[in-house]
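Here is how the chains run, residue by residue.
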Amino acid sequence: MNLKNLIILFFIIIGICFPAFAQENIDTMYAPPQMSQNEILFSQSRRQVDVVNPTPYSNPAGKAFPGARGANQLILYTSAYGERTHTNEFGTEAIIEGNTVVELGGADSFIPDGGAVISGHGTAKSWISSNITVGTKVYYDDMTGVLTTYTTSNSYMFEAMQKIEEANSMIEYYKTRNYDYDWKVPTGYIKEAQEYMRKAEKNPNQVKQYSKQAIEAANHAIKSVLPFRTNEFKGVWLRPTETSPSAIAESVKKIKNAGIDNIFIETYFHGKTIYPSLVMEDLGFIKQNESFIGFDPLKVWIKEAHKNGIKVHIWFETFYVGNTPPYTNPESILAVHPEWGNKTLNGYASSNATPSASEHNGYFLDPSNQQVQEFLERLLTEIIIKYEPDGINLDYIRYPQSISSSPSGNWGYTENARKIFAERFGVDPVTLTTNDSLWYEWSRFRREQVTNFVRSIGNLARERNVYLSAVIFPDRSVAYSRKLQDWASWSKNHYLNGFTPLFLTCDSKTLNSQIATVKNYKEPETDLFAGLFVTFMGGSEEDLIRQIHETRKLNVNGVILFDYAHLSEKYVNALSARVFANNSKSNGIRKQNPATKLINWNQPVQQEKQDQLHQMQNNRMIIQKYDPNKMQSSKNPTPIIVKQKRR
């Protein structure tokens, strides 16, 4: 027997003895998917991929952006790229296992082993949203660079069963932690979804209709699973636009109806205050944001919020002064004090501050400048004394983002910082490379400037009995090296009370991983409130619910939604259905008994009942039946094509 025949025989044996193994190697996104008997093709679409596994060098259009994804680009990230995509929040992503989309995310998604992530911004984001859903099959032709998507009847069945199993799993989580947990409503929705699935199986020509009804019922189940938690912090970040007491009162009412009990009101942003500031006026800066001249919205916000039992935190853009060029207004902070502006190494010789290309061309203040620190502390002192807020939330408490680790893209090369560093170490930092022994000292020097300010405001907050929190980046290594934000030391030294990291994703796996990282590096005494970005990124209501579920599994102190402007009615309805609804009968949810035993979130999970196990196992079997990755193709597939859309 020759070598060729031996190789053929080997693969025949592999296919017979290990059919799953053989199928998994066939069903990848690099092979056109094969339709099963009577599987219906509902839509098909094509688009050119701009770059696979981009770098700042292979994709110049994305060099200034996280994940090297540029404007309007469609990017394919494979497992060869790394663990995550590292993209920002201004796109959408589809996670692929085999040749099937198993999850839709927003940013910085985990890349499955042997799988991939389709990521899009702008027009590419719109294409993904229009043509890809959970269960969609994907084919990538690596010769032409064209990506083709197929949404079939099995796609809808796959998504429906996946959500049914997810809802069942969430129910079991709460049932095993509280004997008094009310599981009847979500279980009713699950039974309804399962009945639609049975109808879909019996009526192939109506599979899309019944599958969508099953998905809708499963979504209702997910939204009605999570019980209200009395000791859970529920907040929202809010940039005020209201210019009258009545408008503010209406917004507070909406916030209260959503079950939110803490407002983070943006008080100092883009280098301006929403209230008339004597400190700003004294320094020759713009006294008040022009939108609020003749009105003090902060005073009314605090009054209305407190009247409704809601606490108010001052959301404060510390070292960020907006993206309006300073020369457009002679009273802007950097027009009055151009020497306060932060600079990159490339821009150190300029008399003007350097705009941050990856942050909307925004301008930053120099943390090493003592005058800057004194100004910001005076401003916070004025707010605390005049308005007596419940808390201070420091945002942009960092240097601008460095996309590259090379010195050219680093920040802090102001005349003031260079002078101080040269006096300490005898070297101008503009001469340093990353290989120099003093590079570590230069990085530490800049981190210390931010930390010193946090320590000062921590002392101020303690003196005035005000809660102090800070917005941090959850990836500790990136925050430490690229943003010069050493938040672990702030916690270790107890400079503040809590962290409010922004989790820029709709993906629950990414959220879980990032929360675990923060918990690993913070002290137990430092509170952790998860900043959820789902509403800003336009994720589904179910995305929001499952993320709150993840925060509970990891026992964080609560959540803050970003942001009020994107808190549309669909999210309010999802929150007020149950998870944020305190002792209220809403959307068919049973009124909660105040005497009901609270859930012990740290209690070990009890063993599931046998019938519950059987139910979940049956669900998994049905999912496998409709899993496009595991589907055996017939010898003569006869797909029924309903619609094709090509681009």
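Residues numbered from 1 in each chain as written. Predicted model: local features only at pLDDT ≥ 70, side-chain atom pairs only at ≥ 80, totals over all residues. Heavy atoms only, no water.

Before going further, it helps to examine the overall build of the protein chain. A count of helices and strands for the protein chain gives 20 helices and 19 strands. Taking all 647 residues of the protein chain together, the buried fraction comes to 55%. Taking as baseline every contact in the protein chain between residues at least 6 positions apart, the subset at least 24 positions apart corresponds to 75%. Of the accessible surface of the protein chain, which amounts to about 28300 Å², a share of 50% is contributed by carbon and sulfur atoms. (Helix = DSSP H or I, 4+ residues; strand = E, 2+ residues; numbered from the N terminus. Buried < 20%, exposed > 50% of the residue type's maximum accessible area, 1.4 Å probe, protein only. Contact = heavy atoms within 4.5 Å. Areas by Shrake-Rupley, 256 points an atom, 1.4 Å probe, with all protein chains shown as cover.)

All right, on to the confidence of the model for the protein chain then. Chain-level pLDDT for the protein chain is 87 on average; 86% of the residues reach the 70-or-more range. Low pLDDT, under 50, characterises residues 1-26; the predicted model gives this stretch twelve contacts beyond four residues in sequence or across chains. Between residues 584-647, whose pLDDT stays under 50, and residues either more than four places distant or in other chains, the model counts 133 contacts. (pLDDT = per-residue confidence, 0-100.)

Before going further, it helps to spend a moment on the packing of helix H4 (residues 153-175) against helix H5 (residues 184-202). At a minimum axis separation of 10 Å, H4 and H5 run at an interaxial angle of 155°. Between H4 and H5, the crossing angle belongs to the class labelled roughly antiparallel. Along this stretch, H4 crosses H5, giving a crossing that reads as left-handed. Contacts between H4 and H5 involve Met 157, Ala 160, Met 161, Ile 164, Ala 167, Asn 168 and Ile 171 from the former and Pro 186, Thr 187, Ile 190, Ala 193, Gln 194, Met 197, Ala 200 and Glu 201 from the latter. Of the residues belonging to the contact of H4 with H5, the class tally is eleven nonpolar, three polar and one charged. (Axes fitted to C-alpha atoms, helices over the stretch in contact; angles between N-to-C directions. Parallel < 35°, antiparallel > 145°, perpendicular 65-115°, else oblique. Left-handed = near helix turned anticlockwise from the far one by under 90°. Nonpolar A, V, L, I, M, F, W, Y, C, P; charged D, E, K, R; others polar.)

We now examine helix H6 (residues 207-223). In this model H6 runs 24 Å from its N-terminal to its C-terminal C-alpha over 17 residues, within 8% of the 24 Å that 1.5 Å per residue would give. Buried within H6 are the following residues: Val 207, Tyr 210, Ser 211, Ala 214, Ile 215, Ala 217, Ala 218, Asn 219, Ala 221, Ile 222 and Lys 223. Of the surrounding elements, those touching the buried residues of H6 are strand E1 (40-48), H4, H5, helix H18 (541-553) and helix H19 (569-577). (Expected span 1.5 Å × (residues − 1).)

Examined against the element boundaries, Tyr 399 turns out to sit in the loop between strand E13 (391-395) and helix H12 (415-425). When the C-alpha positions of Tyr 399 and Arg 447 are compared, they lie 8.4 Å apart, and in sequence the two are 48 residues distant. Look past the residues within four positions of Tyr 399 in its chain and what remains in contact with it is Asn 342, Asp 366, Pro 367, Ser 368, Trp 411, Gly 412, Arg 446, Gln 449, Val 450, Lys 483 and Leu 484.

Once that is clear, we can look at helix H11 (residues 370-387). Counted at 1.5 Å a residue, the expected span for H11 with its 18 residues is 26 Å, and the 26 Å between its end C-alpha atoms agrees. Taken as a whole, H11 has its buried residues at Val 372, Gln 373, Phe 375, Leu 376, Leu 379, Leu 380, Glu 382, Ile 383, Ile 384 and Tyr 387. Its side-chain oxygen 2.9 Å from the backbone nitrogen of Gln 371, Asn 369 forms the N-cap of H11. A positive phi of about 50° marks Glu 388, the residue just after H11. (Polar contact = N/O pair within 3.5 Å; in protein donor to acceptor, adjacent residues only side chain to side chain.)

As a further point, take the pattern of salt bridges. In the structure shown here, the tally under the stated rule is 24 salt bridges. Between Arg 398 and Glu 359 there is a salt bridge whose closest N-O contact spans 2.5 Å. Of this pair, Arg 398 sits in the loop between E13 and H12 while Glu 359 sits in the loop between helix H10 (333-336) and H11, placing them 39 residues apart in sequence. By sharing partners, the salt bridges in this structure join Arg 84, Asp 108 and Asp 475 into a single network. (Salt bridge = Lys/Arg side-chain N within 4 Å of Asp/Glu carboxyl O.)

Looking now at the packing of H11 against helix H13 (residues 439-464). In the contact formed by H11 and H13, the axes pass within 11 Å of each other and the chain directions differ by 20°. The orientation of H11 with respect to H13, classified from their angle, is roughly parallel. Crossing hand, H11 versus H13: right-handed. Contact residues: H11 offers Gln 373, Leu 376, Glu 377, Leu 380, Thr 381, Ile 384 and Ile 385, while H13 offers Gln 449, Asn 452, Phe 453, Ser 456, Ile 457, Leu 460 and Arg 464. Broken down by class, the residue content of the contact of H11 with H13 amounts to seven nonpolar, five polar and two charged.

Summarising the element assignment, Tyr 150 is placed in strand E8 (residues 146-152). Since its relative accessible area comes to 14%, Tyr 150 is described here as buried. It is 9.9 Å that separates the C-alpha atoms of Tyr 150 and Pro 32, two residues lying 118 residues apart in sequence. With residues near it in sequence (within four places) discarded, Tyr 150 still touches Pro 33, Leu 41, Ser 43, Gln 44, Thr 136, Lys 137, Tyr 139 and Ser 155.

Assignment of secondary structure puts Asn 393 in strand E13. Asn 393 sits in the buried class, given a relative accessible area of 0%. Engagement of the side chain of Asn 393 in a polar contact is seen with the side chain of Ser 469, the distance being 2.9 Å. In contact with Asn 393, other than residues within four places in its own chain, are Trp 237, Phe 264, Ile 314, Trp 315, Phe 316, Ser 469, Ala 470, Val 471 and Thr 500.

Moving on: the environment of Gln 206. Locating Gln 206 in the fold gives a position in the loop between H5 and H6. The spacing of Gln 206 and Ser 153 is 53 residues in sequence and 9.4 Å in space, taken between C-alpha atoms.

With that out of the way, let us pick up the nonpolar core. Ranked by internal contacts, the top residues of the largest apolar core, which has 129 residues, are Phe 375 and Trp 490. With ten residues, the top contributor of residues to this core is H4. Excluding its chain neighbours within four sequence positions, the residues that come into contact with Phe 375 are Tyr 268, Val 279, Met 280, Leu 283, Phe 285, Ile 333 and Trp 340. Within the second largest apolar cluster, 16 residues are counted, among which are Met 29, Val 101, Ala 116 and Ile 132. (Core = buried A, V, L, I, M, F, W, Y, C linked by side-chain atoms within 4.5 Å.)

Attention now goes to the pairing of E8. Within E8, six of the seven residues are buried, leaving the element largely enclosed by the surrounding structure. Pairing geometry for strand E7 (residues 137-141) and E8, over five bridges, is antiparallel. Bridge assignment links Tyr 140 to a residue of E8, and that residue is Leu 147. Hairpin geometry of E7 and E8 is characterised by an intervening segment of four residues between the two adjacent antiparallel strands and by a positive phi of about 75° at Gly 145. (Pairing = 2+ DSSP bridges.)

What follows deals with the packing of aromatic side chains. Enumeration over the complete set of coordinates arrives at 34 aromatic pairs. The interplanar angle of 35° and the centroid separation of 5.8 Å between the aromatic rings of Tyr 174 and Tyr 181 together place this pair among those described as tilted. The class of Tyr 181 is buried, set by a relative accessible area of 6%. Site record: aromatic cluster; members linked through ring pairs are Phe 90, Phe 233, Trp 237, Phe 264, Trp 315, Tyr 467, Phe 529, Phe 533, Phe 536 and Phe 562. Seen from the ring of Trp 183, Lys 175 lies directly overhead, with NZ or CZ sitting 4.6 Å from the centre. (Phe/Tyr/Trp six-rings, centres within 6.5 Å; stacked < 30°, edge-to-face > 60°. Lys NZ or Arg CZ within 6 Å of the ring centre and 35° of its normal.)

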